[in-house]
Amino acid sequence: MLSNIFITLALLIASAFLLSRHFTLPKNIWLLFIAQPLVMAASPVIVFIGGILSTSMASDPSLATLPITVMILGVACGAIPAAMLAKNKGRRFAIFTGYSCGLLATLTAMVSALIANFELFVFSGLLFGISTAFIQQLRFAAIESIKKDKDIPTVLSILMLSGIFSAFLGPEIAVVAKDWLVSPHGYAGSFLVLAGLIICAMIIMLNFKNTQIESHQQAEDIRPLSKIIKQPIFIIAILSAAIGFALMSYLMTATPLSMHQMHGHSLNDTKWVIQSHIAAMFIPSLFTAWLVKRIGLKSLMLIGTAIYAIVTVVALSGEQVMHYWWALILLGIGWNFLFLTGTTLLPQSYKPGERHKVQAINDFIIFGLQATASLLAGWVLFKAGWHMVVLTSMPFIAILFAATWFYYIKDRKKTAEIAAQSLINNR
């Protein structure tokens with residue numbers, strides 16, 4: 001219903017107002033909080049209807065996930081240019097470049113739906129991906145907008161919390177505006193509404209101020225990337241975020257096709273599962289900052305990995321709506337814990353002068369793996385079925401458990417060294 005869209009937007013603004021009264025944070029954070037869901041709403045739309053629309057337009061059903069895969073590939077390809085543009089032109093310029101690309105993507109997708117052109121829809125997916133690469137960099141803009149490192153988990157939690165609104169906006173827009181413009185297979189109107197949201201986000205972000213990070217390092221103090229990526233903390237951060245993101249995309253991409261196309265569940269049931277999943281990705285942000293303070297990042301990573309293991313058990317238990325719903329709910333929660341852990345750990349691996357190149361390679365790896373996972377999702381699903389999709393995720397969950405164990409050992413060793421040094425200093 002159209003009223004649901006207006007209610008969601010009203011709640012977004014109200015949440016920003018209430019949170020700003022509780023947390024004393026820079027204005028940039030609240031601008032990002034409001035604008036981010038407006039542009040991020042495109043991703044749930046592509047995930048929800050991308051495969052369904054492509055099945056109607058593509059000559060081969062196994063290509064149904066290609067637009068989603070190309071979108072994620074676009075994120076990987078755009079990660080390095082987005083970071084370098086932010087470095088050379090500033091975060092504000094990079095933000096508007098990404099938003100402009102997103103606006104072009106929505107209009108291209110609208111035209112592809114109007115003329116039922118699969119190739120053009122795939123191209124719009126690439127543009128969506130490039131835009132998303134810039135949007136993903138906003139979490140680093142938020143980190144750079146604060147002065148105290150201890151506030152990083154709180155800021156990331158607040159920013160991720162705003163994703164709840166995109167979870168409801170995207171699928172609602174896809175369904176409500178499906179026939180607002182006459183098109184062979186529908187959904188052209190959905191992309192038109194998305195274009196309007198992006199324009200609103202651009203207006204909001206006119207008030208965004210570039211962040212200034214002071215660096216007292218000389219050029220010779222900046223380490224080569226080859227040295228940075230060999231650090232244990234970098235490896236742990238990458239594994240947590242990259243595998244967490246890739247597995248989430250792998251299972252999420254296959255879900256609408258498995259539910260609606262292969263097992264005959266209704267479009268509304270499929271929408272409900274995807275909406276619930278995306279909400280579950282972000283709702284934990286209400287308490288993850290508190291969890292980090294209580295149990296630490298390593299325990300959060302362990303819980304996230306354990307939840308992923310439970311997902312496989314639930315997903316293999318059956319193909320009813322509730323099996324999909326519970327599996328996708330847990331998948332969203334696990335992703336939140338793993339992605340927050342990886343993003344929070346990453347700044348510990350670089351110095352201020354190194355941040356852009358490390359952030360670039362971080363996102364390139366994350367979204368490169370995610371693109372590969374989403375491409376394989378459609379192929380494995382149509383060739384071997386839903387259960388094989390779930391089974392092939394298990395080795396990567398085992399890698400996450402190994403990375404968590406390594407993190408525990410590293411943290412224990414660090415704690416012992418600090419205690420030993422403290423004992424020496426007190427003698």
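Residues numbered from 1 in each chain as written. Predicted model: local features only at pLDDT ≥ 70, side-chain atom pairs only at ≥ 80, totals over all residues. Heavy atoms only, no water.

Novice: Sorry, what's going on with the overall build of the chain here?
Specialist: Across its full length, the chain carries 19 helices and zero strands. Here the C-alpha atoms of the chain give a radius of gyration of 21 Å, agreeing with the 22 Å that 2.2 N^0.38 yields for 427 residues. Dimensions of the chain, computed from the C-alpha atoms along their principal axes, are close to 80 × 50 × 40 Å. Pairs at least 24 residues apart make up 84% of the contacts formed inside the chain by residues separated by at least 6 positions. As presented, the chain carries roughly 17,700 Å² of accessible surface, and 67% of it is formed by carbon and sulfur atoms. For the chain, the separation between the mean place of its 28 positive charges and that of its 16 negative charges on side chains is 9 Å. (Helix = DSSP H or I, 4+ residues; strand = E, 2+ residues; numbered from the N terminus. Rg over C-alpha atoms; globule rule 2.2 N^0.38 Å. Contact = heavy atoms within 4.5 Å. Areas by Shrake-Rupley, 256 points an atom, 1.4 Å probe, with all protein chains shown as cover. Lys, Arg positive; Asp, Glu negative; His and termini not counted. Charge placed at Lys NZ, Arg CZ, Asp CG, Glu CD.)

Novice: Looking at this structure, how should I read the packing of aromatic side chains?
Specialist: Following the criterion strictly, the structure yields 12 aromatic pairs and no others. With centroids separated by 6.3 Å and ring planes inclined at 75°, the aromatic side chains of phenylalanine 33 and phenylalanine 165 adopt a geometry described as edge-to-face. Residue phenylalanine 33 is found in helix α2 (residues 27-40), and its partner phenylalanine 165 is found in helix α9 (residues 163-176); the two are separated by 132 residues along the sequence. For the residue pair phenylalanine 33 and phenylalanine 165, the accessibility class agrees, reading buried in each case. These aromatic residues form a ring-pair network of at least three members: Phe245, Phe282, Trp335, Phe339 and Phe367. Here the guanidinium or amino end of lysine 178 rests over the ring plane of tyrosine 187, the centre of that ring lying 5.2 Å away. (Phe/Tyr/Trp six-rings, centres within 6.5 Å; stacked < 30°, edge-to-face > 60°. Buried < 20%, exposed > 50% of the residue type's maximum accessible area, 1.4 Å probe, protein only. Lys NZ or Arg CZ within 6 Å of the ring centre and 35° of its normal.)

Novice: I keep staring at the nonpolar core and nothing clicks. Help me out?
Specialist: The biggest cluster of nonpolar side chains holds 144 residues, and the ones touching the most others in it are Tyr99, Phe191, Met205, Tyr308, Trp335 and Trp386. In terms of residue count, helix α12 (residues 232-262) provides more of this core than any other element does, 18 residues in total. When sequence neighbours within four positions are dropped, the list of residues in contact with tryptophan 386 reads Leu251, Ala254, Thr255, Ser258, Ala315, Glu319, Tyr324 and Leu381. (Core = buried A, V, L, I, M, F, W, Y, C linked by side-chain atoms within 4.5 Å.)

Novice: Before we go on, may I ask you to explain the packing of α2 against α9 in this structure?
Specialist: How two helices sit against one another is set out by the angle between their axes and by the gap between those axes. Between α2 and α9, the shortest axis-to-axis distance is 8 Å and the interhelical angle comes to 30°. Here α9 runs roughly parallel to α2, going by the angle between their axes. Seen along the crossing, α2 lies across α9 with a hand that is right-handed. Every residue of α9 that contacts α2 at Phe33, Pro37, Leu38 and Met40 is listed here: Phe165, Ser166 and Leu169. (Axes fitted to C-alpha atoms, helices over the stretch in contact; angles between N-to-C directions. Parallel < 35°, antiparallel > 145°, perpendicular 65-115°, else oblique. Left-handed = near helix turned anticlockwise from the far one by under 90°.)

Novice: When you look at unusual backbone geometry in this model, what are you seeing that I'm missing?
Specialist: Most of the time, phi is negative for any residue but glycine, and the peptide bond is trans. Phi at alanine 116 takes a positive value of approximately 55°, unusual for a residue other than glycine. On the secondary structure map, alanine 116 appears in the loop between α5 (91-115) and α6 (118-136). At tyrosine 187, a position not held by glycine, the phi torsion is positive, near 80°. Under the relative-accessibility criterion, tyrosine 187 is labelled buried at 4%.

Novice: Any chance you could explain the side chain of threonine 8 here in plain terms?
Specialist: Among the secondary structure elements, threonine 8 is positioned in helix α1 (residues 2-22). Using a relative accessible area of 11% as the deciding quantity, one classes threonine 8 as buried.

Novice: Any chance you could explain a nonpolar patch on the surface here in plain terms?
Specialist: Nonpolar side chains collect at one region of the surface, where Ile283, Leu286, Phe287 and Trp290 lie side by side and expose about 430 Å² of accessible area between them. Tracing the chain through its elements places isoleucine 283 in the loop between α13 (267-282) and α14 (288-295). (Patch = residues over 30% accessible without salt bridge, like charges linked within 9 Å, V, L, I, M, F, W, Y side chains within 5 Å. Salt bridge = Lys/Arg side-chain N within 4 Å of Asp/Glu carboxyl O.)

Novice: Whenever I open this one, the pattern of salt bridges confuses me. Can you help?
Specialist: Tallied over the full model, the rule gives eight salt bridges. A salt bridge links lysine 271 to glutamate 172; its shortest N-O distance comes to 3.5 Å. Placement of the pair is lysine 271 in helix α13 and glutamate 172 in helix α9, with a sequence separation of 99 residues. Just as lysine 271 is buried, glutamate 172 falls in that class too. Aspartate 411 is the salt-bridge partner of lysine 298, the closest N and O atoms lying 3.0 Å from each other. Separated by 113 residues along the polypeptide, lysine 298 in helix α15 (residues 297-315) and aspartate 411 in helix α19 (residues 394-426) bring together distant segments of the chain. Under the relative-accessibility criterion, lysine 298 is labelled partly exposed at 21%. Owing to a relative accessible area of 24%, aspartate 411 belongs among the partly exposed residues under this scheme. The network of salt bridges with common partners includes Arg91, Glu144 and Arg355.

Novice: Help me out: how do you make sense of the side chain of histidine 265 in this one?
Specialist: Structurally, the position occupied by histidine 265 is in the loop between α12 and α13. A polar contact of 2.8 Å, which involves the side chain of histidine 265, links it to the backbone oxygen of glutamate 319. The residues contacting histidine 265, other than those within four sequence positions of it, are Met259, His260, Thr270, Glu319, Gln320, Val321 and Tyr324. (Polar contact = N/O pair within 3.5 Å; in protein donor to acceptor, adjacent residues only side chain to side chain.)

Novice: Looking at this model, I keep getting lost on the confidence of the model for the chain. Mind explaining?
Specialist: Detailed reading of predicted coordinates is not advised where the pLDDT is low. Per-residue confidence for the chain gives a mean pLDDT of 89, with 97% of residues at or over 70. Contacts for the low-pLDDT stretch residues 214-220, under 50 throughout, to residues beyond four places or in other chains number six contacts. (pLDDT = per-residue confidence, 0-100.)

Novice: Help me understand helix α3 (residues 42-57) in this model?
Specialist: Quick reminder: α-helices carry 3.6 residues per turn. Residues three or four places apart thus point the same way. The first and last C-alpha atoms of α3 sit only 20 Å apart over 16 residues, clearly below the 22 Å expected at 1.5 Å per residue. Most pronounced at isoleucine 49, the bend in α3 amounts to some 45°. The buried fraction of α3 is high, at 13 of 16 residues. (Expected span 1.5 Å × (residues − 1). Bend = angle between axes of the 7 residues up to and from the residue.)

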